[in-house]
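Residue strings, one per chain:
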Amino acid sequence: MNSILTKVYNTVFSTSAAGLYLLIFAIAIGVATFIENDFGTSSAQDLIFRARWFELLLVLFGGTIIANIFRFRLVQQKKWASLIFHSAIIIIIIGAGVTRYFGYEGMMHIREGKAANSFLSTETFLNFKVSQSDKSYSFDESVFFSTLGNQTFEGTYQIGTDIYKVNVTEFIPNPKEQLTEQQGGKAVMKVVIAGQQGREEIFVNQGDRVNINGVNFNFTPELLPNAFNVVVRNDSLYFATDAPVIQTVMATQKTDTIPPSDYKPLRLRSMYVLGQSGFVIGEFKASAMMSIVAGDQKMKNESNAGLRMTIAKNGVVQNNFLTGQKGVEGMPKVFDFGDSQMAVSYGSKTVEVPFNIQLRDFIMERYPGTDNPSSYASEVTVIDPSQGVNMPFRIYMNNILDYGGIDFSNHLLIKTKQVHI
Amino acid sequence: MTFFSKNSRFTSLIERLGQNTSAKSIVLLVMLCISAGSGISAQAPVISDVSRDEAAAFGKMLIQDHRGRFKPVNTLSGEVLRKLSKKSALFGLTSDQIFLSMTLSPAKWENVPLIQAGSHPEIQKILGSTENLISYRQFFTDDAQYKLRDQVRHAQTVNPKDQGTFEKAIIKLDEKINIANMIFSGRLLKMFPIPNDPANTWVSPADIREMKMPETSVLQSFENFASYVQDVQKGQGTSNTAETGKWLNTITATQMQYSSQVMPSPSRVSAELLLNSLDVFGRLRNVYGLLSLVLLGFFFYGVFRQTADVQRYTHWAWVLLLAIFAFHSLGLGLRWYVSGRAPWSNGYESMIYIAWTTMLAGLIFSRRSLGGMSATLVLAATILLVAGMSWLDPEITPLVPVLKSYWLTIHVSLEAGSYGFLMLGAVIGMLNLILMIFTTPHNKVNTERTIKELTIISEITLLGGLFMVSVGTYLGGVWANESWGRYWGWDAKETWALVTILVYAFILHMRFIPGLRSVYAFNFASLFGFATVIMTYFGVNYYLSGLHSYAAGDPVPVPPQVYYTAVVLALLSVVAYFRWRQVK
């Protein structure tokens, strides 16, 4: 028994094994950077940095260092330099473990002149709120979804005598609406405009009347004044207006002015200008359904995530779809069970701290004659009535505020002079 | 500490190096006659309407560049001429003369061939000229249409990744035309402060004309400038420096009046002028290049011809290297003083700094090895050659706020510095593989000894490099905690620095792993391990997005040379493997 243990010890902590760990470690994190680049930080963390096997690898790696410190008698031989260098690695690994399991991170948003006493967690949560006749219960569950890693969640909660079964069945990175042809669907057209954030797509269903960018789209059989009237005839679109419309065929760049008239064939993917606004009807499906599909596979910091959820209360199932993102409080979606409602949101959690931070002034210096910032600083005051503290402080590069066990550093400048710290 | 502790691997290696190396030196007379070619290439003499002295006086004037840095006109004129014609002087005229004359007499200079058009046949066809240098006028048709207009429009819509040589050449050429246009219109001469502007903006004569500045003092100094211009033109041949100097002083006085707080001190300005005139890094590139060839020749001669006693002069070679290194240090120091921050803050600077640490590593560890010195020089020359390529901007640039920290000095100096050390290990590894290929039973004794000696140098260098990159990364974590509020976030650059550390830790621990102890294995690994440094230094910025890539953009394709190099090195190592086994 003892000899087996020795053998295992000698294999697992041998120099060859140490070499292998080093290489696996190097390759794993190298690969992780590429995963991050293509699928976002969350996937890299899920598959590698926060994975169990990676933690095991680090433990084994640390173990081999300790084992070999003894094997090569670094202490006895008084190889102090080498000993310190190698022990430092162990301390770093332990420190990383502590941060991983006990540290937390978040953003405190403070407008200039205002104060704040809460921050938004960087971690994402499913936040639940159950309302039953006169009572309501709130709780949350820390979740981590990613494109390549974990995409589901299951939880069972008992509230009073009711059993709620919560299931996240699908995670959809950067969800977007898409038209798919389907029997028994509706006629839908896609209006493309140049909005403030660039290209915008809006779907208009048959029977809808909507104002898009100053143009009244009327997708009903009724002919309305001051509108872009569209009807379907023989599975194609026709339009009519009471004002002249400029039509430009994209392919040929040929421009015509069409005088007000009765219904005329509408050309897809051609530019129309009515009054001040231009638009393109990008797509038309005579019978289609809207469905939600994944967009870009990469989950960036500001990317939206979509979750398909089912919640069963005592066996009664409700489906819903909710969206949310990192660093922002989620918009709740309500699952209605008649006598009770469960509101669920996905996103950051607000964490309160027992003191206030007031942003008195945010200072940005620029390089002469340019708009390029040369330095930032925040003048803040920590107000903690319970401790009788009223401490002014200047947060700048290399000067972070440490109060109540939390480190504060300047994060970002937002145009409205709102500072994240 | 690892270095100075008595019984570390480091000290024991140094001792072994001492035993291995007998008295060695080399003949080195040939290289004393190296000086940088100052490029006198005046075939078409153009008469400037500005004399050299007046241009030099004007070159000392301060202007504000588009990034908000105040610099002497001399710096700007040098940059501009290098961009336009890849020359530091032209037609026997200084860059100051050309710049000032172009500003004053645009009509004349439009017809002077000074723009390097490149050698792309398509472009030559469009421009209707195969000359190397062509004039601004030649870019326009007779009815003043820009000949490249459509091509530029097209090239700008192409994704950088898909740009061919034609698109790249077009964009580059268009930039040159824009610069020339800005000189002709006087828009680069931002030397007049807007009175009491809180942002300390300085404007050009062209701006003043358009803005109709109400403040008389600015208009006054502009008129002074104009009168100065006329003086210069009148003073052709016998110039009146006292008179022109007086006008220049008026402008300087206006600058001082409004912006004295943000302007650099006169000693800084003169240091910058000295740095420009010394052209330290351009000269060093040539010196390193030539010297490396000579030293390499002597080294191989000494290894393969046992009778030749070239080793005797190694000491002198080292002294010569030390002198050149002092020049390199001077250049770096001047740049530090001029920019007011550590000279490793942008791509160009980090290259010249890495070349400097390479030299440092070579000087410390290869004092008695000709091979080590040759490898050092080859490397330093290559790095400066790469630094001199057009994709790296040698301009001194202001820092983004996050880099304005003393940690930049410490962290980046260690990180970038280690790359020099690790690269030296890679080059020695390559040198050893080459030596292995040329080993014969006849010269076996000598080559084996040399390879062993070089391997020891390489191991010391790598130990130094690993130590630096580890400490640098650790301190980087401390800096990250102060600026981003966390020590480590698996950011792409951080992660690749760690990959580098792990890979080199592996290479240096290979001697403990059965089966990987051979000299061949070590040299092979030290050569290919360097790929991780290349990834950390270039790859991350170009192919991965993250916090450290401050100059992000669309990804750029992997240059084909990278693949060729990889294949050649792989072949080299395979051949070396079999040859070495045969001889052993």
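Residues numbered from 1 in each chain as written. Chains lettered and ligands numbered in written order. Predicted model: local features only at pLDDT ≥ 70, side-chain atom pairs only at ≥ 80, totals over all residues. Heavy atoms only, no water.

1. With respect to the overall build of chain B
(1) Moving on: Along chain B, the regular secondary structure elements total 22 helices and eight strands.
(2) Moving on: Within the span of chain B, comprising 584 residues, buried residues form 54% of the whole.
(3) Moving on: Looking at chain B as shown, the accessible area adds up to about 26100 Å², and 62% of this sits on carbon and sulfur atoms. (Helix = DSSP H or I, 4+ residues; strand = E, 2+ residues; numbered from the N terminus. Buried < 20%, exposed > 50% of the residue type's maximum accessible area, 1.4 Å probe, protein only. Areas by Shrake-Rupley, 256 points an atom, 1.4 Å probe, with all protein chains shown as cover.)

2. Digging into the overall build of chain A
(1) Moving on: Summing up its helical and strand segments, chain A has five helices and 29 strands in all.
(2) Moving on: Here chain A holds 421 residues, and 40% of them are scored as buried.

3. Concerning the sheet that holds strand S19 (residues 305–313) of chain A
Residues and elements named next belong to chain A.
(1) Moving on: In space, the four strands of this open sheet follow the order S6-S7-S19-S20, with antiparallel pairing throughout. A strand with exactly one partner marks an edge of an open sheet, and here the two such strands are strand S6 (153–159) and strand S20 (316–324). Here the average twist between neighbouring strands, direction ignored, is 20°. (Pairing = 2+ DSSP bridges. Axes fitted to C-alpha atoms, helices over the stretch in contact; angles between N-to-C directions.)

4. Focus on the packing of aromatic side chains
(1) Moving on: Scanning the model with the defined rule gives 33 aromatic pairs over all chains in all.
(2) Moving on: The interplanar angle of 70° and the centroid separation of 5.3 Å between the aromatic rings of Phe239(A) and Tyr272(A) together place this pair among those described as edge-to-face. A residue pair is termed long-range when its members are at least 10 positions apart, and Phe239(A) in strand S13 (residues 236–241) and Tyr272(A) in strand S17 (residues 270–274) qualify at 33 residues.
(3) Moving on: Each ring, one from Tyr353(B) and one from Trp356(B), has its centre 6.1 Å from the other, and the planes form 20°; the classification is stacked. With Tyr353(B) and Trp356(B) both in helix H15 (residues 347–365), this residue pair falls three residues apart, about one helical turn.
(4) Moving on: These aromatic residues form a ring-pair network of at least three members: Phe25(A), Phe49(A), Trp53(A), Phe54(A), Phe61(A) and Trp490(B).
(5) Moving on: Note that Arg50(A) overlies the ring of Phe144(A), its terminal NZ or CZ placed 4.3 Å from the centroid.
(6) Moving on: Sitting over the face of the ring of Tyr337(B), Arg268(B) holds its NZ or CZ atom 5.9 Å from the ring centroid. (Phe/Tyr/Trp six-rings, centres within 6.5 Å; stacked < 30°, edge-to-face > 60°. Lys NZ or Arg CZ within 6 Å of the ring centre and 35° of its normal.)

5. Concerning the nonpolar core
(1) Moving on: Phe25(A), Ile29(A), Phe49(A), Phe54(A), Tyr288(B), Leu502(B) and Tyr504(B) are the most contacted members of the largest nonpolar core, which totals 124 residues.
(2) Moving on: Looking at which element gives the most residues to this core, the answer is helix H17 (residues 406–437) of chain B, with 18 residues.
(3) Moving on: Residue contacts for Leu502(B): discarding those within four places in its chain leaves Leu22(A), Phe25(A), Ala26(A), Ile29(A) and Phe61(A).
(4) Moving on: Formed by 48 residues, the second largest nonpolar core is a distinct cluster that contains Leu81(B), Phe140(B), Leu173(B) and Ile208(B). (Core = buried A, V, L, I, M, F, W, Y, C linked by side-chain atoms within 4.5 Å. Contact = heavy atoms within 4.5 Å.)

6. Let's talk about helix H2 (residues 52–59) of chain B
(1) Moving on: Considered for burial, the residues of H2(B) that qualify are Glu54(B), Ala55(B), Phe58(B) and Gly59(B). Projected down its long axis, H2(B) shows its buried positions confined to an angular sector of 145°, all on one face. (Arc of directions from axis to C-beta.)

7. Focus: the environment of Tyr164(A)
Residue and element names in this part refer to chain A.
(1) Moving on: Its place among the elements puts Tyr164 in strand S7 (residues 162–173).
(2) Moving on: Sequence separation between Tyr164 and Ile311 is 147 residues, and the spatial gap between their C-alpha atoms is 6.8 Å.
(3) Moving on: Those residues in contact with Tyr164, other than ones at most four positions away along the chain, are Val130, Gln132, Gly155, Thr156, Tyr157, Ile159, Ile311, Ala312, Lys313, Phe337, Ser340 and Met342.
(4) Moving on: For Tyr164, the side chain forms a polar contact with the side chain of Ser340, separated by 2.9 Å. (Polar contact = N/O pair within 3.5 Å; in protein donor to acceptor, adjacent residues only side chain to side chain.)

8. Quick look at the pairing of strand S15 (residues 254–258) of chain A
(1) Moving on: Where strand S14 (residues 245–249) of chain A lies against S15(A), five bridges are found, and the strand directions are antiparallel. Each bridged residue has a counterpart across the sheet, and for Thr248(A) the counterpart in S15(A) is Thr255(A).

9. Details of the sheet that holds strand S16 (residues 261–265) of chain A
Residues and elements named next belong to chain A.
(1) Moving on: Taken together, the five strands give an open sheet; going across it, the order is S10-S11-S12-S13-S16, and neighbouring strands pair in mixed fashion. Each edge of the open sheet is held by one strand with a lone partner, namely strand S10 (209–212) and S16. Taken pair by pair, the neighbouring strands of this sheet meet at an average axis angle of 25°, ignoring direction.

10. Comments concerning the environment of Ala426(B)
(1) Moving on: Mapped onto the elements, Ala426(B) comes out in helix H17.
(2) Moving on: The contacts of Ala426(B), once residues within four sequence positions are left out, are Ser526(B), Leu527(B) and Phe530(B).

11. Concerning unusual backbone geometry
(1) Moving on: With a phi close to 50°, Asn314(A) is a non-glycine residue in the positive phi region.
(2) Moving on: You can see Asn314(A) is positioned in the loop between S19 and S20.
(3) Moving on: Given a relative accessible area of 45%, Asn314(A) falls into the partly exposed group.
(4) Moving on: Phi at Asp279(B) takes a positive value of approximately 45°, unusual for a residue other than glycine.
(5) Moving on: Relative to the helices and strands, Asp279(B) is located in the loop between helix H12 (266–278) and helix H13 (280–304).
(6) Moving on: Exposure remark for Asp279(B): the relative accessible area of 41% places this residue in the partly exposed category.

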